[in-house]
There are 2 protein chains.
Amino acid sequence: MTGRIEPRLLKGFRDIDPTAMERRVYILNKIEKVFRLHSFAPLFTPTLEYLDILKGKMGEEADKLLFSFTDIGGREVGLRYEFTISLARYVAMNPNIRFPFKRYQIGSVFRAEKPQKGRFREFTQCDFDIVGSSSPIADAEIISVMYDVLNELCISEFKILMNDRRLLFSILEKLGVMKDMLLKASRLLDKIDRVGKEGVIKLLEEHKLLNESIKKFIEMSEPTTAYRDVMEEFSKMIDITKEVEEFTELMMTVNQMTGNDKRIVYSPALARGLDYYTGPVFEVVVEGVGLGSIAGGGRYDNMIGIFSGRDIPATGSSFGLDRLEEVLEKKNLFPSELGRPYCLVTIFGDETVKYSLDFYRQLHKEKIPAEIYLKPKNIGKQIGYADSRGFRYTVIIGPEEAGADKVKVKDMRTGEEKVLDKDGATEFLKEGL
Amino acid sequence: MTGRIEPRLLKGFRDIDPTAMERRVYILNKIEKVFRLHSFAPLFTPTLEYLDILKGKMGEEADKLLFSFTDIGGREVGLRYEFTISLARYVAMNPNIRFPFKRYQIGSVFRAEKPQKGRFREFTQCDFDIVGSSSPIADAEIISVMYDVLNELCISEFKILMNDRRLLFSILEKLGVMKDMLLKASRLLDKIDRVGKEGVIKLLEEHKLLNESIKKFIEMSEPTTAYRDVMEEFSKMIDITKEVEEFTELMMTVNQMTGNDKRIVYSPALARGLDYYTGPVFEVVVEGVGLGSIAGGGRYDNMIGIFSGRDIPATGSSFGLDRLEEVLEKKNLFPSELGRPYCLVTIFGDETVKYSLDFYRQLHKEKIPAEIYLKPKNIGKQIGYADSRGFRYTVIIGPEEAGADKVKVKDMRTGEEKVLDKDGATEFLKEGL
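Here the structure is a predicted model, which means the values were calculated and not measured.

Cut-offs and rules
- Residues numbered from 1 in each chain as written.
- Chains lettered and ligands numbered in written order.
- Predicted model: local features only at pLDDT ≥ 70, side-chain atom pairs only at ≥ 80, totals over all residues.
- Heavy atoms only, no water.
- Helix = DSSP H or I, 4+ residues; strand = E, 2+ residues; numbered from the N terminus.
- Rg over C-alpha atoms; globule rule 2.2 N^0.38 Å.
- Buried < 20%, exposed > 50% of the residue type's maximum accessible area, 1.4 Å probe, protein only.
- Contact = heavy atoms within 4.5 Å.
- Areas by Shrake-Rupley, 256 points an atom, 1.4 Å probe, with all protein chains shown as cover.
- Lys, Arg positive; Asp, Glu negative; His and termini not counted.
- Charge placed at Lys NZ, Arg CZ, Asp CG, Glu CD.
- Domains from an automatic or database assignment.
- Buried area = accessible area lost by both parts, 1.4 Å probe.
- Salt bridge = Lys/Arg side-chain N within 4 Å of Asp/Glu carboxyl O.
- Polar contact = N/O pair within 3.5 Å; in protein donor to acceptor, adjacent residues only side chain to side chain.
- Nonpolar A, V, L, I, M, F, W, Y, C, P; charged D, E, K, R; others polar.
- Pairing = 2+ DSSP bridges.
- Arc of directions from axis to C-beta.
- Disulfide = S-S within 2.5 Å.
- Least-squares fit on C-alpha atoms with pLDDT ≥ 70 in both.
- Phe/Tyr/Trp six-rings, centres within 6.5 Å; stacked < 30°, edge-to-face > 60°.
- Axes fitted to C-alpha atoms, helices over the stretch in contact; angles between N-to-C directions.
- Parallel < 35°, antiparallel > 145°, perpendicular 65-115°, else oblique.
- Left-handed = near helix turned anticlockwise from the far one by under 90°.
- UniProt positions renumbered as here; feature names shortened; annotations may be inferred.

(A) Just the overall build of chain A, in detail. Regarding its fold elements, chain A presents 17 helices and 16 strands. Relative to a compact globule of 433 residues, whose C-alpha radius of gyration would be 22 Å, chain A shows 28 Å and is clearly more extended. A buried classification covers 58% of the 433 residues belonging to chain A. Taking the contacts inside chain A whose residues are at least 6 apart along the sequence as the reference set, 67% of them involve residues at least 24 apart. Accessible surface, chain A as shown: approximately 17900 Å² in total, 48% of it carbon and sulfur. Here chain A carries 65 positive and 68 negative side-chain charges, and the mean point of each set is 3 Å from the other.

(B) Geometry of the domain arrangement of chain A. Residues and elements named next belong to chain A. Under the domain assignment, chain A is made up of domain 1 (9-157 + 287-339), domain 2 (164-263) and domain 3 (343-431). Just the C-alpha atoms count here: the centres of domain 1 and domain 2 sit 26 Å apart. Facing twelve residues of domain 1, the contacting portion of domain 2 comprises nine residues. Summed over both partners, the interface of domain 1 with domain 2 buries about 850 Å², with 70% contributed by carbon and sulfur atoms. Area buried by domain 1 at its contact with domain 2 is led by Pro136, Ala140 and Tyr147, which between them contribute 48% of it. Linking domain 1 with domain 2 are zero salt bridges. Here domain 1 is connected to domain 2 by three residue pairs in polar contact (both at pLDDT 80 or more). Looking at the side of domain 1 that touches domain 2 residue by residue, the class counts come to six nonpolar, four polar and two charged.

(C) Focus on the pairing of strand β16 (residues 417-421) of chain B. Residue and element names in this part refer to chain B. For strand β15 (residues 406-411) and β16, the ladder comprises five bridges, and the chain directions are antiparallel. Residue Lys410 lies in a different strand from β16, and its bridge partner there is Glu417. Hairpin geometry of β15 and β16 is characterised by an intervening segment of five residues between the two adjacent antiparallel strands and by a positive phi of about 80° at Gly415.

(D) Just helix α7 (residues 182-189) of chain A, in detail. All names here are of chain A. Turning to α7, its buried residues number three or more, namely Leu182, Ala185, Ser186, Leu188 and Leu189. Down the axis, α7 shows its buried residues gathered within 160° of arc, on one side only. Next to the buried residues of α7 lie α6 (165-174), α8 (192-206) and α9 (212-220).

(E) Local environment of the state of the cysteines. According to the stated counting rule, one finds zero disulfides over all chains in the structure shown. Here Cys126 of chain A is not disulfide-linked; the sulfur of Cys154 of chain A is the nearest cysteine sulfur, at 17 Å.

(F) Main features of the relation of the copies chain A and chain B. The transformation that overlays chain A on chain B combines an axial shift of 0.0 Å with a rotation of 180°, and the residual RMSD is 0.1 Å. Such values leave the two copies arranged in the relation of a two-fold axis. Relative to the rotation axis, the closest C-alpha in chain A is found at Phe69 of chain A, a distance of 3.2 Å. A symmetric contact is evident, with 100% of the interface residues of chain A recurring at the interface of chain B.

(G) Quick peek at the pattern of salt bridges. All chains considered together, the criterion is met by 83 salt bridges over all chains. A salt bridge links Glu152 of chain B to Lys33 of chain B; the shortest N-O distance between them is 3.0 Å. Of this pair, Glu152 of chain B sits in helix α5 (residues 136-152) while Lys33 of chain B sits in helix α1 (residues 18-37), placing them 119 residues apart in sequence. Overall, Glu152 of chain B belongs to the buried group, its relative accessible area being 15%. Its salt-bridge partner being Arg166 of chain B, residue Asp164 of chain B comes within 2.8 Å of it at the nearest N-O pair. Each of the salt bridges in this network shares a partner with another, and the network as a whole consists of Arg14, Arg23, Arg24, Asp322, Glu325 and Glu329 of chain A.

(H) Up close: the environment of Gly298 of chain B. Residue and element names in this part refer to chain B. By the element assignment, Gly298 lies in strand β10 (residues 295-299). Along the backbone, Gly298 and Thr258 are 40 residues apart, and their C-alpha atoms lie at a distance of 18 Å. In this structure Gly298 touches Tyr277, Pro280, Val281, Phe282, Ala314, Thr315 and Gly316, once residues within four positions along its chain are discounted.

(I) A look at the interface of chain A and chain B. Contact with chain A, which involves 94 residues of that partner, is made by 95 residues of chain B. At the surface where chain A touches chain B, the tally comes to eight salt bridges. Taken together, chain A and chain B are joined by 34 residue pairs in polar contact (both at pLDDT 80 or more). For the side of chain A that touches chain B, the element with the highest residue contribution is helix α1 (residues 18-37) of chain A, accounting for eight residues. For the side of chain A that touches chain B, a count of residues per class yields 47 nonpolar, 17 polar and 30 charged.

(J) Spotlight on the packing of aromatic side chains. All names here are of chain B. Summed over the entire model, instances satisfying the criterion amount to 35 aromatic pairs over all chains. With centroids separated by 6.1 Å and ring planes inclined at 75°, the aromatic side chains of Tyr147 and Phe158 adopt a geometry described as edge-to-face. In this pair, Tyr147 sits in helix α5 while Phe158 sits in strand β7 (residues 158-164), placing the two residues eleven residues apart along the sequence. The buried category is assigned to Phe158, whose relative accessible area is 1%.

(K) Main features of the packing of helix α8 (residues 192-206) of chain B against helix α9 (residues 212-220) of chain B. Residue and element names in this part refer to chain B. Closest axis-to-axis distance for the α8/α9 pair is 10 Å, and the angle between their directions is 160°. When the interaxial angle is binned, α8 and α9 end up roughly antiparallel. Crossing angle aside, the handedness with which α8 passes α9 is right-handed. Contacts between α8 and α9 involve Lys197, Val200, Ile201 and Leu204 on the former and, on the latter, Ile214, Lys215, Ile218 and Glu219. When its residues are assigned to classes, the contact of α8 with α9 shows five nonpolar, no polar and three charged.

(L) Representation of the packing of α6 of chain A against α7 of chain A. Residue and element names in this part refer to chain A. For the pair α6 and α7, the least separation of the axes is 10 Å and the interaxial angle reads 110°. In terms of orientation, α6 and α7 fall into the roughly perpendicular class. The residues of α7 that touch α6, namely those facing Arg165, Leu168, Phe169, Leu172 and Glu173, are Leu182, Leu183, Ala185, Ser186 and Leu189. Across the contact of α6 with α7, the residue classes tally to seven nonpolar, one polar and two charged.

(M) Broad picture of the sheet that holds strand β16 (residues 417-421) of chain A. Residue and element names in this part refer to chain A. The strand order β13-β12-β14-β15-β16 describes an open sheet built from five strands, whose pairing is mixed. This sheet does not close on itself; its edge strands, each paired only once, are β13 (371-372) and β16. Docked against the sheet, helix α14 (residues 353-365) engages β12 (343-345), β13, β14 (393-396) and β15 (406-411), running at close to 150° with respect to β12.

(N) Focus on the UniProt feature "binding site: L-histidine" (unreviewed entry) in chain A. All names here are of chain A. This chain's UniProt record puts "binding site: L-histidine" (unreviewed entry) on Glu82, Phe83, Thr84, Arg111, Gln125, Asp129, Arg272, Tyr276 and Tyr277. Tracing the backbone through its elements, the reader meets Glu82 in the loop between β4 (76-79) and α4 (84-93). From its side chain, Glu82 meets the backbone nitrogen of Thr84 in a polar contact 3.3 Å long. Secondary-structure assignment places Gln125 in strand β6 (residues 122-131). The class of Gln125 is buried, set by a relative accessible area of 14%. With residues up to four places along the chain from it excluded, the contact list for Gln125 reads Glu82, Phe83, Gln105, Ile106, Gly107, Val109, Arg111, Ser318 and Phe319.

(O) A look at the sheet that holds strand β5 (residues 101-110) of chain B. Residues and elements named next belong to chain B. The eight strands are arranged β1-β5-β6-β11-β10-β9-β7-β8 in an open sheet whose pairing can be described as mixed. Looking along the sheet, the strands with just one partner apiece sit at the ends: β1 (41-42) and β8 (264-266). In terms of strand pairing, β5 meets strand β6 (residues 122-131) through ten bridges, oriented antiparallel. Paired with Tyr104 across the bridge in β6 is Phe128.

(P) Quick look at the side chain of Gln105 of chain A. Residue and element names in this part refer to chain A. Residue position: Gln105 is located in strand β5 (residues 101-110). Residue Gln105 is classed as buried on the basis of its relative accessible area of 3%. Polar side-chain contacts of Gln105 include one of 3.1 Å to the side chain of Thr45. Among residues more than four places away in sequence, those in contact with Gln105 are Leu43, Phe44, Thr45, Arg80, Phe83, Gln125, Cys126 and Asp127.

Printed below as a string of structure tokens:
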């Protein structure tokens, strides 16, 4: 054996302790439940992929963020940066998939970003996509899933911002942006939530992409439920009839699927950063938490084509687990009992071990979560342990209780103690769940 | 956009399609439920770690299997090979952890092994450990968790093999193996399930580790519930009183926690391959599936010391998801409805879209899993889709149904159709869950 190894974490990586993990498991269970209600099925793609596949067409910016290396077989490989590119690869490799293909994937993705507060090089994403349908009902369903997840998590102060790139590009083009500068302009527009409208106006000016109409458009671009009125305003300036029709159909379907919720709004300048979106784009912002979007997505009809050779329409979205956790934390939305252990069974001495183990087993049979103290010890110390760990109940079994075939249940909040027979105690603890 | 990228998987890696993923999610949910009942809490450690930490003291064999590389910061890093070493690092880095620390971790581990049938370079392990207790009740609890998981999954033809390295080493030493050859001998013994007793006897002979008593010991080494009798036999040959006492206490505790199940047996030659075990070792084998062990573990009291400088006792075990999946598949233990989609809502035409979407929303509100057909189409085609996907029910909504404020529910197994009002249909579909 060589000497001691210094225990340490890699820069940008983290351990997540049980307290934080309980919060994350809580969120993931809710998300998965909604995914399943909407008939999305789980898919697994590997953590490692060929580098050229991961690079896909994300662009140089993203390429720099890839964890890549040459494996023992001399292959250029990388850790996945996101799930969508692997989904596209999967669909291309499985030509017999039945469409619509509705899948979700939850797991770690990796980015070699400069670590900063709250940003890590490994983090969890929750993706859900519909492949093989160009119907606006598919986009609307993606949005309604986001909506249902937010409700399931009891987040109330949110907005789902919606736009369509075809509508936005058409507006920008008709207001004077050259066709080949539309992507560039949209990337700058996407910075509104970080630098504000004034900041974006300045950026567009610097890039010689600003004129008076565009400035006016940006100034008018408030998220709004009155999407018909706003688009009518735009229509007075330019002819965008076809795009407005398409977008109106989407908005109507989304409203239908979410009960006309006022938190679903048209955001005329929303573009989303990624280049691969081809139609509707959407993102979720939560008020009063000082965060950017906590989920976002859109339609990407050309991406699968880079692998399959033929374009297959697709639309999808993704929640970032870290941001969701931050929202629930800041808004105090986690259940107060979350992660609190339920019941400790004590072991008084060698002569009562059997009795304690028997009762412990009985609790598990009845699906009551319990922990057993691992060796005989002074009961006071065991109650102290239960207290410091936050147990809800302690089951005290001394020679007296064991002799009378009873157990004593102590409520750790009130201090109240009850002597019950084993079945009675099991019943009582079951009710408390 | 450059040309088409050839979609392909890395050697030894795989996609897992929704059908297989449903089976895995089924297993993982059951495992996690048992972990939680026994008060194990989730912990996350990162996928990437410093290479010297991953290497720990696993030995050269394991080192060769590490996916390692130099990251952009010039650090020597690797993908985790297993979870135990990261757990040890975590415990060493968090001196304020309250013991016993009962944690589980489920996730991918990576091994650059020669890919072969059913063996992949990324696979899922389900670890659970108790850190900070040297009590045999801790070991017994680990074994009882394995036991409960097997029962929860309805696996009946299993055996949990138990031994204690201190007992085994003591026997071997007293039968003539030199102290410094005990690990070597135990590694050879561990090959019994692959090469059989005769094979191991030959191997020991080749390594000059065999004598008549050891041969006799191996021949006697059948897994047995009559552990007292067998140990008494051994005790006639050599003095192993202390070790027998300790092991007997463990066996008694395990029997207590599992209701004296006959499938929990003493396996005198069981050693387990890893060098770091220091006390009880255990593994699960399932009869009639032609697999090695599907779970295994043991006590490792010196491992955390390589990071923390002071030894902290620990015991734990791990299930391999692939092998569990294979067992359930071969034994036909998956529920027949698993992964079968529940209910499809049809869309007849533009005039009924609203009505269909409304009903779809109502089903989700009542937590009934449903999918909606994504665009108006001939109803026959939609029923054909439902049939080919294996939906249990189809909800047919044509102008007639919508006009009468009804829906038609078709049972896809029997072909039976029922016209019901929306609430009635919702109630009916809820009952069928």
